[in-house]
Amino acid sequence: MTDDTNARLQSLVDSNAVLLFMKGTPLFPQCGFSNRAVSILSHLGVEFESVDVLQDQEVRQGIKAFSDWPTIPQLYVKGEFIGGSDIMMEMYESGELAQLLEDKGVSAA
C-alpha cells in the first residue's frame, strides 16, 4: 500500500465519526455483508458515512492492510476499527454496539 493511500484512509477515518467501508452504497449495497452492516447502523439510527471500495481498487486493497482485517465491510467509530459484519451483528445483538456508540458520543440521528 502506498503512503498516499494510507494517508487518504487515515484522513477518511479521522474525519468521520462513523465510517463504513463497504461494497456498494447504503442505498445499493453490492453484497449481503455490506447490506447487513448498513441495516444494523440504520436500525440503530446512526448517521454514518460510507466508502464504496468497488469504486477504487487502491482503497479496496489498502483498507485491508490499514486495518489488518481481510474482509469488507469494515466499521470505524471515532477512528477506532470495530470490525466486519459478523462482529457488528454480535455486538448489535448483545447491545454492545449501541453502548459503544453512546460511549463514543455518537448519538442516533
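Structure shown above.
Residues numbered from 1 in each chain as written. Predicted model: local features only at pLDDT ≥ 70, side-chain atom pairs only at ≥ 80, totals over all residues. Heavy atoms only, no water.

Trainee: What should I look at first to understand the pairing of strand β3 (residues 74–77) in this one?
Mentor: Here β3 shows no split at all, with Gln 74 and Tyr 76 on one side and Leu 75 and Val 77 on the other all buried. Sheet topology note: the strand β1 (residues 18–22)/β3 ladder contains four bridges and is antiparallel. By the bridge assignment for β3, Val 18 is matched with Val 77. Bridging between β3 and strand β4 (residues 80–83) involves three bridges; their strand directions are antiparallel. The residue bridging Tyr 76 from the neighbouring strand is Phe 81, located in β4. As consecutive antiparallel partners, β3 and β4 are separated by two residues, and within that stretch Lys 78 has a phi angle of approximately 50°, a positive value. (Buried < 20%, exposed > 50% of the residue type's maximum accessible area, 1.4 Å probe, protein only. Helix = DSSP H or I, 4+ residues; strand = E, 2+ residues; numbered from the N terminus. Pairing = 2+ DSSP bridges.)

Trainee: Hey, could you run me through helix α5 (residues 96–103) in this one?
Mentor: Note on helix geometry: an α-helix contains 3.6 residues per turn, so any two residues three or four positions apart are oriented the same way. What α5 keeps buried is the set Leu 97, Leu 100 and Leu 101. One face of α5 carries all of its buried residues, which in axial projection span an arc of 100°. For α5, the exposed residues set more than 90 degrees away from the buried face come down to Glu 102 and Asp 103. The secondary structure elements touched by the buried residues of α5 are β1, α2 (32–44), β3, β4 and α4 (85–94). A positive backbone phi angle near 80° is found at Gly 105, which sits one or two residues after α5. (Arc of directions from axis to C-beta. Contact = heavy atoms within 4.5 Å.)

Trainee: Teacher, can you tell me more about the side chain of Gln 74 here?
Mentor: Along the chain, the position of Gln 74 falls in strand β3. Given the relative accessible area of 0%, Gln 74 is considered buried. A polar side-chain atom of Gln 74 sits 2.8 Å from a polar atom in the side chain of Ser 67. Excluding residues within four positions of it along the chain, Gln 74 makes contact with Leu 19, Leu 20, Phe 21, Ile 63, Lys 64, Ser 67, Trp 69, Phe 81 and Gly 83. (Polar contact = N/O pair within 3.5 Å; in protein donor to acceptor, adjacent residues only side chain to side chain.)

Trainee: Whenever I open this one, the packing of aromatic side chains confuses me. Can you help?
Mentor: Both the distance between ring centres and the angle between the ring planes are used here to describe each pair of aromatic rings. Per the stated rule, a full pass over the model turns up four aromatic pairs. Seen in terms of ring centroids, Phe 21 and Tyr 76 are 5.8 Å apart; in terms of plane orientation they differ by 75°. Their pairing is edge-to-face. Separated by 55 residues along the polypeptide, Phe 21 in strand β1 and Tyr 76 in strand β3 bring together distant segments of the chain. An identical accessibility class is assigned to Phe 21 and Tyr 76; each is buried. Each residue in the set Phe 21, Phe 66, Trp 69, Tyr 76 and Phe 81 is aromatic and connected to the rest through ring pairs, giving one cluster. (Phe/Tyr/Trp six-rings, centres within 6.5 Å; stacked < 30°, edge-to-face > 60°.)

Trainee: How should I be thinking about the pairing of β1 in this particular structure?
Mentor: The side chains of a regular strand alternate between both faces of the sheet. Along β1, five of the five residues are buried, which leaves the element largely enclosed by surrounding structure. With four bridges connecting them, β1 and strand β2 (residues 49–52) associate as parallel partners. Counted as the bridge partner of Leu 19 is Glu 49 from β2. The parallel pair β1 and β2 is bridged by α2, and the resulting crossover is right-handed. (Right-handed = clockwise from strand over helix to strand, strands pointing away.)

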